[in-house]
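Observations on the three-dimensional arrangement
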2 protein chains.
Amino acid sequence: MYSYEYPRPALTVDCVIFGLDKHTLKILLIQRAKEPFAGSWAFPGGFVDMDETTENAAKRELEEETGIQDMFLEQLYTFSKVDRDPRGRVVSVAYYALVKMQDYKISAADDAQDARWFAVDQLPPLAFDHQDIFSVAMERLRGKLRYQPIGFELLPEKFTLSQIQDLYEAVLGKKLDKRNFRKKILSMNLLVDLQERQKGVAHRSAKLYQFDRNNYLALQEKGFVFEI
Amino acid sequence: MYSYEYPRPALTVDCVIFGLDKHTLKILLIQRAKEPFAGSWAFPGGFVDMDETTENAAKRELEEETGIQDMFLEQLYTFSKVDRDPRGRVVSVAYYALVKMQDYKISAADDAQDARWFAVDQLPPLAFDHQDIFSVAMERLRGKLRYQPIGFELLPEKFTLSQIQDLYEAVLGKKLDKRNFRKKILSMNLLVDLQERQKGVAHRSAKLYQFDRNNYLALQEKGFVFEI
DNA sequence: CCAAAAGTGTTCTCCATACACCCATGC
DNA sequence: GCATGGGTGTATGGAGAACACTTTTGG
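In this text the structure is predicted, and so the values were computed from the model without any measurement.

Criteria and thresholds
All chains use their own residue numbering, which begins from 1 and follows the written sequence. Following the order in which they are written, the chains are lettered starting with A and the ligands numbered starting with 1. Totals for whole chains, interfaces and linings use every residue, but because this is a predicted model, local features are given only for residues with pLDDT of at least 70 and side-chain atom pairs only at 80 or more, for both listing and counting. Note that the side-chain values use all heavy atoms of the structure and ignore hydrogens as well as water. Segments assigned H or I by DSSP are reported as helices when at least four residues long, segments assigned E as strands when at least two residues long, and all are numbered from the N terminus. Relative accessible area decides the class of each residue, using a 1.4 Å probe on protein chains only: under 20% of the type maximum gives buried, over 50% gives exposed, and in between gives partly exposed. Working rule for contacts: check all heavy atoms of both residues, and any pair within 4.5 Å makes them a contact. Accessible surface is computed with a 1.4 Å probe, and the buried area is the amount of it that two parts give up when combined, taken over both parts together. Polar contacts here mean pairs of N or O atoms no more than 3.5 Å apart (in protein, one a potential hydrogen donor and the other a potential acceptor; neighbouring residues in sequence count only if both atoms are side-chain atoms). Only Asp, Glu, Lys and Arg are considered charged, only Ala, Val, Leu, Ile, Met, Phe, Trp, Tyr, Cys and Pro nonpolar, and every remaining residue, Gly among them, polar. A cutoff of 4 Å decides nearness: a residue is near a molecule or strand if any of its heavy atoms lies inside that distance of it. Copies are brought into register by a least-squares superposition over C-alpha atoms of residues with pLDDT of at least 70 in both. When a carboxyl oxygen of Asp or Glu is within 4 Å of a side-chain nitrogen of Lys or Arg, the pair counts as a salt bridge. When DSSP locates at least two bridges between a pair of strands, those strands are taken to pair. What counts as a ring pair is set by centres within 6.5 Å for rings of Phe, Tyr and Trp (its six-membered ring), and what kind of pair is set by the plane angle: stacked under 30 degrees, edge-to-face over 60, tilted for all other angles. Every axis in this analysis is a line fitted to C-alpha atoms, fitted for helices over the stretch in contact. Angles between the N-to-C directions lie between 0 and 180 degrees. Reported orientations rely on four angle classes, namely roughly parallel under 35 degrees, roughly antiparallel over 145, roughly perpendicular from 65 to 115, and oblique for the rest. Crossing handedness: left-handed means the near helix sits turned counterclockwise from the far one by under a right angle, and right-handed means the same turn made clockwise. Expected span, for any helix, means 1.5 Å times one less than how many residues it has. Domain start and stop positions are those given by an automatic or database domain assignment.

**A look at the side chain of Lys144 of chain A**
Residues and elements named next belong to chain A. By secondary structure assignment, the location of Lys144 is in helix H2 (residues 130-147). Residue Lys144 is classed as buried on the basis of its relative accessible area, which comes to 12%. Setting aside anything within four residues of it in sequence, one finds Lys144 in contact with Glu74, Tyr96 and Ile150.

This is the structure:
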């Protein structure tokens, strides 16, 4: 019926990289130097090699663009509109990544292109169908954050309760009650009290916590389901 | 950096088709006639044409195999292990479909191959990485069923409360309390009481209901979230 | 001493859960 | 009349939501 020699779409990956800048959720974009969409901003991405999985391709692109290794990375969706790239048929597997912005000062990418962080509610016009990709990514992040402890991937190793709450408020787009939020998150036994405090703040300093990944895995085995 | 003329992986779609047979969740498999994996069972699928989206390719394959149109169809995940197909590099975008088995008596496919429904807990060995695809599909179905009203896609238009409950029990793999289940599902106002009853059963006949899609969409607008 | 954020308890409402018996129908 | 599944109500406990003031610290 079909032959392995039929014309094939080109296969690429695109990466939506989320970072948290104080109270603002941001994504990393790259300004395109060439046509099509020269001057427009786009997600970092590139072609999938014959000897790598799409996930490896995404990791490779991420490292090339940001130098970051070992970040949270998850497949998002595969975009295949026939005319999504004016140069020809290109199917793209999109991934999204969560990075700890503080740890890595990604000012510009390794290559000549301009790379910048943009607040998710102040994006420039995006190239290709990247606006669609962004919408799907935002929706996924919002959904996942509620029932999986992935928010910690956006925070520094040591963080305060207010930082987590700010994160949740930034992503979910609504205010949460401080007392109820703390009660809930502490009752899950997923945070280790580091017996340390913030430094260099002009007010009462907050206690620092760390996410207890091991206990999360152990609890998960017993049927525990994270939810906020 | 990259050229559009680089070698490209082949691109296929595979479809996990779920159906409900009384109390049993089943999937449709096709027996392979040729090598590799001749005689093994596999999900229906095929190559993506240059002028169709992956979703259209999946729909086309589904129609070719089952004759069904307009079923629930959703992208599942893209599988890209380098050696997943012994014939060469093939990346596959998997979809899953929910069909009303009663409506369509899919005994065998249009073409010569053997197509059969298998209970999900009694599957034969599967070709390629289709066991992985199946695992992801089951997990997705279980997850989605709880917070989106997609179960109705597996039931006839008119169904009884026991039928929905059986469906949930089959997919989630556990018994549910009859009174609590009914209370919950009726309280959502998503079921229209058709003022009709089952026929041809050797016991008290049950009331028939229909899913109220319009009201679901209206409620969703107002922030209602389905959950069982 | 002032500004700024940290930290903390109680009440109420509502929803999930547990649980057992009678009813209608066809054979 | 009996076997089979249909259909129904209540009591309890626990979790989510609402809500405001005191504490600490640096400047």
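That covers the picture; the talk isn't over yet.
**Structural notes on the interface of chain B and chain A**
Each partner contributes residues to the interface: chain B has 31 residues there, and chain A has 32 residues. Around 3,100 Å² of area is buried between chain B and chain A when both sides are counted, 57% of it from carbon and sulfur atoms. At the boundary of chain B with chain A, the tally comes to 10 residue pairs in polar contact (both at pLDDT 80 or more). When its residues are assigned to classes, the side of chain B that touches chain A shows 16 nonpolar, five polar and 10 charged.

**Topic: the protein's contact with DNA strand C**
Around DNA strand C sit 20 residues in total, of which Ser162, Lys178, Lys183 and Lys207 of chain A together with Asn180 of chain B are the nearest. For DNA strand C, a base nitrogen lies 3.4 Å from a polar atom in the side chain of Asp177 of chain B. The set of elements that each furnish at least two residues to the surface near DNA strand C consists of helix H4 (178-187) of chain A together with helix H4 (178-187) of chain B. Class assignment for the residues of the surface near DNA strand C results in three nonpolar, five polar and 12 charged.

**Things to note about the relation of the copies chain B and chain A**
Mapping chain B onto chain A is achieved by rotating through 180° and translating by 0.0 Å along the same axis, at an RMSD of 0.1 Å. With respect to symmetry, the two chain copies, as superposed, fit the operation of a two-fold axis. The fraction of interface residues of chain B whose copies in chain A are also interface residues reaches 97%, indicating that both copies meet through the same surface.

**Focus on the pattern of salt bridges**
Residues and elements named next belong to chain A. Summed over the entire model, instances satisfying the criterion amount to 34 salt bridges over all chains. The salt bridge involving Arg84 is made with Asp14; its shortest N-O contact spans 3.8 Å. Taken together, the residues Arg84 in the loop between strand E5 (72-79) and strand E6 (90-99) and Asp14 in strand E1 (residues 10-21) connect sequence positions 70 residues apart. A residue is classified by how much of its surface remains accessible, and Arg84, at 6% relative accessible area, is buried. Residue Lys59 is joined to Glu55 by a salt bridge in which the shortest nitrogen-to-oxygen separation is 3.4 Å. Note that Lys59 and Glu55 are positioned in helix H1 (residues 54-66) at a spacing of four residues, about one turn of the helix. Of the residues examined, Lys59 reaches a relative accessible area of 39% and is grouped as partly exposed. With a relative accessible area of 29%, Glu55 lands in the partly exposed category. Salt bridges sharing common partners tie together Asp49, Glu52, Arg60, Glu61 and Glu64.

**Some details on the pairing of strand E7 (residues 115-119) of chain B**
Residue and element names in this part refer to chain B. For E7, the buried fraction is high: four of the five residues fall into the buried class. Pairing of strand E2 (residues 24-31) with E7 involves five bridges; the strand directions are antiparallel. Across the sheet, Ile30 pairs through a bridge with Ala115, a residue of E7.

**Looking at the packing of aromatic side chains**
Residues and elements named next belong to chain A. The final tally for this structure, using the stated rule, is 18 aromatic pairs over all chains. Between the aromatic rings of Tyr77 and Phe79, the centroid separation amounts to 5.2 Å while the plane-to-plane angle is 65°, which identifies the pairing as edge-to-face. Tyr77 sits in the partly exposed class, given a relative accessible area of 29%. Take Phe79: its relative accessible area is 7%, and that puts it in the buried class.

**Regarding the packing of helix H2 (residues 130-147) of chain B against helix H3 (residues 161-172) of chain B**
Residue and element names in this part refer to chain B. In contact at an axis separation of 10 Å, H2 and H3 are set at 140° when each is read in the N-to-C sense. If you check the angle between H2 and H3, you find them oblique. Viewed along their axes, H2 and H3 form a crossing whose handedness is left-handed. Here H2 contributes Met138, Leu141, Arg142, Leu145 and Arg146 to the contact with H3, which in turn contributes Tyr168, Val171 and Leu172.

**Things to note about helix H1 (residues 54-66) of chain B**
All names here are of chain B. The first and last C-alpha atoms of H1 sit 18 Å apart over 13 residues, in line with the 18 Å expected at 1.5 Å per residue. Residues Thr54, Ala57, Ala58, Arg60, Glu61, Leu62, Glu65 and Thr66 constitute the buried set of H1. Tucked inside the fold, the buried residues of H1 contact strand E1 (10-21), E2, strand E4 (45-47), strand E5 (72-79) and strand E6 (90-99). After H1 finishes, the residue Gly67 shows a positive phi value of roughly 80°.

**Section: the domain arrangement of chain A**
Interface extent is often summarised as the accessible area lost during association of the parts. All names here are of chain A. If you check the domain split of chain A, you get domain 1 (10-129) and domain 2 (151-221). Placing a centre on the C-alpha atoms of domain 1 and another on those of domain 2 gives a separation of 28 Å. Here domain 1 is connected to domain 2 by one salt bridge. One salt bridge connects Glu157 with Lys100, and the closest N-O pair in it is separated by 3.7 Å. Viewed at the interface, domain 2 and domain 1 are joined by four residue pairs in polar contact (both at pLDDT 80 or more). Looking at the side of domain 1 that touches domain 2, the elements with two or more residues in it are E1 and E6. In terms of residue count, E1 provides more of the side of domain 1 that touches domain 2 than any other element does, three residues in total. Looking at the side of domain 1 that touches domain 2 residue by residue, the classes come out as six nonpolar, three polar and one charged.

**Re the protein's contact with DNA strand D**
Lining the immediate environment of DNA strand D, one finds 20 residues, of which Arg204 of chain A together with Ser162, Lys178, Lys183 and His203 of chain B sit closest. Among atoms of DNA strand D positioned within 4 Å of the protein, sugar and phosphate together represent 39%. Contact distances for DNA strand D include 2.9 Å between a base nitrogen and a side-chain N or O atom of Asn180 of chain A. Listing elements by their share of the surface near DNA strand D, those giving two or more residues are H4 of chain A together with H4 of chain B. Looking at the surface near DNA strand D residue by residue, the classes come out as three nonpolar, five polar and 12 charged.

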